[in-house]
2 protein chains.
Amino acid sequence: MPLPVPVLPEGVDPAWLPPAAFRAVGGRRTLIRGSGPLVETVHGEVAEACLRFGGRVVRDAEPGDGAYDLVLDLGGADDPEPLGEEGFTCAREGGTTTVTAVGGRGLLYGLFHVVRLGEAAFTGEQARERHHPALALRMLDHWDNVAVHPVMGQVERGYAGGSLFWEDGRAREDLERVRAYGRLLAACGINAVAVNNVNVHETEARLLTDRIGEVAAIADVLRPYGIRTHLSVSFAAPVVLGGLPTADPLEETVRDWWATATGAVYEAIPDFGGYVVKADSEGRPGPFAYGRSHADGANLLAAALEPYGGTVHWRAFVYDHCQDWRDRGTDRARAAYDHFVPLDGAFAAGAVLQVKHGPMDFQVREPVSPLIGAMPGTRLAVELQATQEYTGQQWHVCWLGPMWSEVLRFRHRPESSVGELARGGLIAVSNAGDDPFWTGHPLAQANLYTFGRLAWRPDADPDGILDEWIRLTFGPGPEPGLHAVLDGSWRTYEKYTAPLGVGFMVQPGHHYGPSVDGYEYSPWGTYHFADRDGIGVDRSVATGTGYAGQYAKPWAELYESPDTCPDELLLFFHHVSYGHTLHSGKTVIQHIYDTHFEGVEEVEEAREVWDSLAGLVDPVLHARVAERYEEQLRGAREWRDQINSYFLRKSGVPDERGRRIY
Amino acid sequence: MPLPVPVLPEGVDPAWLPPAAFRAVGGRRTLIRGSGPLVETVHGEVAEACLRFGGRVVRDAEPGDGAYDLVLDLGGADDPEPLGEEGFTCAREGGTTTVTAVGGRGLLYGLFHVVRLGEAAFTGEQARERHHPALALRMLDHWDNVAVHPVMGQVERGYAGGSLFWEDGRAREDLERVRAYGRLLAACGINAVAVNNVNVHETEARLLTDRIGEVAAIADVLRPYGIRTHLSVSFAAPVVLGGLPTADPLEETVRDWWATATGAVYEAIPDFGGYVVKADSEGRPGPFAYGRSHADGANLLAAALEPYGGTVHWRAFVYDHCQDWRDRGTDRARAAYDHFVPLDGAFAAGAVLQVKHGPMDFQVREPVSPLIGAMPGTRLAVELQATQEYTGQQWHVCWLGPMWSEVLRFRHRPESSVGELARGGLIAVSNAGDDPFWTGHPLAQANLYTFGRLAWRPDADPDGILDEWIRLTFGPGPEPGLHAVLDGSWRTYEKYTAPLGVGFMVQPGHHYGPSVDGYEYSPWGTYHFADRDGIGVDRSVATGTGYAGQYAKPWAELYESPDTCPDELLLFFHHVSYGHTLHSGKTVIQHIYDTHFEGVEEVEEAREVWDSLAGLVDPVLHARVAERYEEQLRGAREWRDQINSYFLRKSGVPDERGRRIY
């Protein structure tokens, strides 16, 4: 039975799968061969498209039996090199486009490949191309709470309404929209979802045991889209849920408890992906309480998952969040490396160490985490943040493709990029919720899409992905304008917020809007040390915290000196005077002023471009974005004026160009 | 029937009415004459004391009928000058101490006067003394929410647990503790209580109408202690509760609605005190929405209350809370004066304008509000804040007696002190809650007590009140130590927090702990304008916002110039360089450093004194205070280091004495 395409609730945006995206497929004759659940998904997609656009779909005939424009052939792959479960080939010969795959996911991805190509898939002769994902795990972590948290709300750092999965304290009864979400994710190549917040509170802890049925219901609707379900669990579960006196990972009773609990999980969800764990971090329980290492902790869960092929994703986000700001010897940027490098080689095969891309916490600009280049004996996953906690919270346009691409292409050593080192997968914190546009700001959909495509191919050109997203979502009409609006938006956001790699100049708590000293005297380890003479954190080996020395050469040498450190990271690595001259030729203070004025001007220009797209995009969507541009512009001016006033007051150096600073 | 003394729940502190306080009365022979509910209250108090200490109490005999140590005589006053309902006389002759009063409240206050005197009331001959309150209204405003507010909690700015009045969304079933609270208030002279938050939310609005029965139940238990009950109401009540299309104070339907609603209130509570209104302030509804003045608004409610003798307390806390920090022309300190002085003479007799003691918002140091001296044709009440929103939140010892006394003795013009100008009463925001010690920090009880006594006699010596409170609460043993700990605590708190009249260097939102720039770029109108050269707000007429000109001479002239402005208010009135020399001979920057080091040292000393009191006070209370001293000391060091670091970084001026600044 073909799986029907999900029906979106009235008013919910189709995102990058509007009906028009299926025009080329839907108007043609398609043969589908093979069997299995995902073939039914493929069949349902093609059948729906044909209903709309007048084509036909046939099942399981021999390719020679008739004239087909498109053959989607599961098991038809005769490629000598194995494509894997998720790969596919695509070729066009004699008027027929043929997609072959050995696995159902591969066939589904092949279909969406053809959808992306549109008419181009049905033009001329095309030699066979092989496609398969560079990374086996392409995952979204949802920081969704089941019970609404009194401070953090339902979705922690969520800017797109409530949770897609949870409502009124339990899994949604109607999971049709979750199914639609799974379809969107499959269309950009994502194959795993963790359905609850890494900060596992009391209610959510129970998803692991007596409430696993709710997780299974979600897994059931995601499975036909090739998506496996993962669960964030509490390291203290044996105590909290099991009533044991300890969660010590070396205790036999604890190991038994996890083995039994995990067995029950797999009974409910046979293809369950595994656990996500935030341990000994920001107050979460962990192995330190028992004098055990994080390898002990991770291996405990890996052992429980091992019989079923599951994986534990163990987050490396471990640092002292009760630091004394007076203590300049402790450097939060060093923490993940200092904690985990000594454990390299000690993690079990089923344990993946999940590392944030930067050493701090998803700032608009950070260096790439040195930990990623320093764990050759460990499976690593790299974590990005699609939800815009520090990048405008989905009220500001900030397309993160270029930043993520920079991270993924970064080579800790000449032979290996981050994209290659992330053997345990690429993960993003999701930016989606039950908002009608999925992501609050409609253009933030581009981040979700781009993440999926970069996870499939980390060395892909982000610009190309952006155009692909625009064409799928909006058709060809508004492409140049949308490209202009999105392409430079990350650098624009950086300009009017955080200069030269300094971070955390945000309002404490909610992180929206500027507060230069907001985290300066806090326990969070996030300081800029601005005084009347200069600003920045000395992280050199020679005179600073030594963080620069956590990198391999040439980076360690490059970052060590202000003379060679890239401008955009200067204040991350060095404390310099306001008069310090950058490679750009500007002084630090003038750079601060100039970028803040420029950033606002760029937002003004982008808003004008957006205004010019009225009539070329859906009017409801246009209005939503236009409304958010008002706020973005207000916010950008607030950033500009606060940052410039702060540094003028502190430095006393006037703007060379005499612009208004308050 | 004598009214039984309230029974405190197990573990609740008796505050300043421990059984021992009644020893002198309870061991003697007392005659009570007169009738009425408050005489029964008096009788119950004396009877309880006699039960405990072996004395006797007789009712309504003639004084000559036997030998009495104490005669409490209602109606016995033959003083030619009327004492009023609340006054009493006290004399001792021939071994008998006689209290006379014309009203029940007067008799109750007379009894507590004798209790305060203790043995001294029964010694020698004493000429007749007349006592009556200088201010007719001595009121506590409770910022208690009925429904717990998601951000502000149950008691807005409350630091003493939940509400005494409200629990689980309604008035407490068991009001015995409210009765005990009323008794404590009567013993320090308070005669009015507003039972809900001036920010009237949806649930609380309904107290005025269908939930008035709950207010009546509270009024019933407070009445025997001479306390009238008041209610905070929403100016939008005719719309929100009455379904009218408008709340315009000049609309006949609106006036009728208030008249009817108020009639129903008085049916439920015949001695109802009146309304408290926060209008057009921080988002509350008010007459501005209809183009009407605040006199129009207040007079609307005064007219509704007038037939019953009730009063509306109309708060003057009106300012622009959405100010742009870039706009240096707007000065929040000016706002109350600018709004209300043009309305002088326009308020009805039943309307009282309730003015905060300073022009801003209960900072640790502010000048006295110039509005208080500028409304000769208006009944004014002055509002103090017992709850320690900006003065340590009942984790830090900060006895506010000296500050309040300074305010009340301040003479806007030579002929009239603030205490005299407050013809509409003295009001404090309560610091009490359902905490076992009533006020979180046990020593914060001193603020509640001191407020009551100063409201009775605004020119009283606060030091004497402090000693009175210590003796009543703790007996004579720990008096010198406690006096030392409390007496200088406000100035100590000022030292380690806010120098020279600068305010609002607090963490936004909860206001606990330092954040020098926390409110600097905010919409709240609270700025210090610190830059690398200097700090402070120029409020002079000559070059600043003109606020100094709102005072009469000589204050206007004194505040106008940094040469004559008192040191402690310098930064409130002037922006000066860090090198500016104070009258003390110190520079501003050195004053900042010195006071912050001194403040911490003084806390350390106070803690040692407190430690030495172990064994002299109840051990549970001693432990609670000792615990809070730990936090106070941590907090004081945090204040010291953040403030000093901030100003060292900004000014670049080293500490003359070379102490550690981070």
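What counts, and where the lines are drawn
Residues numbered from 1 in each chain as written. Chains lettered and ligands numbered in written order. Predicted model: local features only at pLDDT ≥ 70, side-chain atom pairs only at ≥ 80, totals over all residues. Heavy atoms only, no water. Helix = DSSP H or I, 4+ residues; strand = E, 2+ residues; numbered from the N terminus. Pairing = 2+ DSSP bridges. Axes fitted to C-alpha atoms, helices over the stretch in contact; angles between N-to-C directions. Contact = heavy atoms within 4.5 Å. pLDDT = per-residue confidence, 0-100. Least-squares fit on C-alpha atoms with pLDDT ≥ 70 in both.

Digging into unusual backbone geometry
Piece 1. Following A:Lys553, the chain continues to A:Pro554 via a peptide bond in cis, the omega torsion being 5°.
Piece 2. By the element assignment, A:Pro554 lies in the loop between strand E21 (534-535) and helix H17 (555-560).
Piece 3. With phi around 60°, B:Leu500 is a residue other than glycine that occupies positive phi space.
Piece 4. Within the secondary structure layout, B:Leu500 lies in the loop between helix H16 (489-496) and strand E21 (534-535).

So, the sheet that holds strand E13 (residues 228-232) of chain A
Strand pairs in the sheet, formed through backbone hydrogen bonds, run parallel or antiparallel to each other.
Residues and elements named next belong to chain A.
Piece 1. Overall, parallel pairing links the eight strands, which are arranged E7-E12-E13-E14-E15-E16-E17-E20 in a closed barrel. For this sheet, the mean inter-axis angle between neighbouring strands, taken without regard to orientation, is 25°.
Piece 2. Pairing of strand E17 (residues 380-385) with strand E20 (residues 425-429), which is carried by five bridges, proceeds in the parallel orientation. The residue of E20 that forms the bridge with alanine 381 is glycine 425.
Piece 3. Packed on one face of the sheet, helix H9 (residues 294-305) meets strand E14 (274-277), strand E15 (311-315) and strand E16 (351-356) and runs near 160° to E15.

Points about the sheet that holds strand E13 (residues 228-232) of chain B
Residue and element names in this part refer to chain B.
Piece 1. As summarised here, the arrangement of the eight strands in space is E7-E12-E13-E14-E15-E16-E17-E20, forming a closed barrel in which the pairing is parallel. Here the strands of the sheet are splayed against their neighbours by 25° on average, with no regard to which way each runs.
Piece 2. Inspection of the sheet shows strand E15 (residues 311-315) paired to strand E16 (residues 351-356) by four bridges, in the parallel sense. What sits directly across from arginine 315, in E16, is glutamine 354.
Piece 3. Packing against the sheet, helix H9 (residues 294-305) makes contact with strand E14 (274-277), E15 and E16, and its axis sits at approximately 160° to E15.

Some details on the confidence of the model for chain A
For residues with low pLDDT, the predicted coordinates do not support detailed interpretation.
Piece 1. With 100% of its residues at a pLDDT of at least 70, chain A reaches an overall mean of 96.
Piece 2. As scored by the predictor, the complex reaches a pTM of 0.93 and an ipTM of 0.90.

Digging into the relation of the copies chain A and chain B
Piece 1. For these two chains of identical sequence, chain A goes onto chain B by a turn of 180° and a shift of 0.0 Å along the axis, with RMSD 0.0 Å. Each copy turns onto its partner about a two-fold axis.
Piece 2. Take the interface residues of chain A: 100% of them recur as interface residues in chain B, which is what a same-surface contact looks like.

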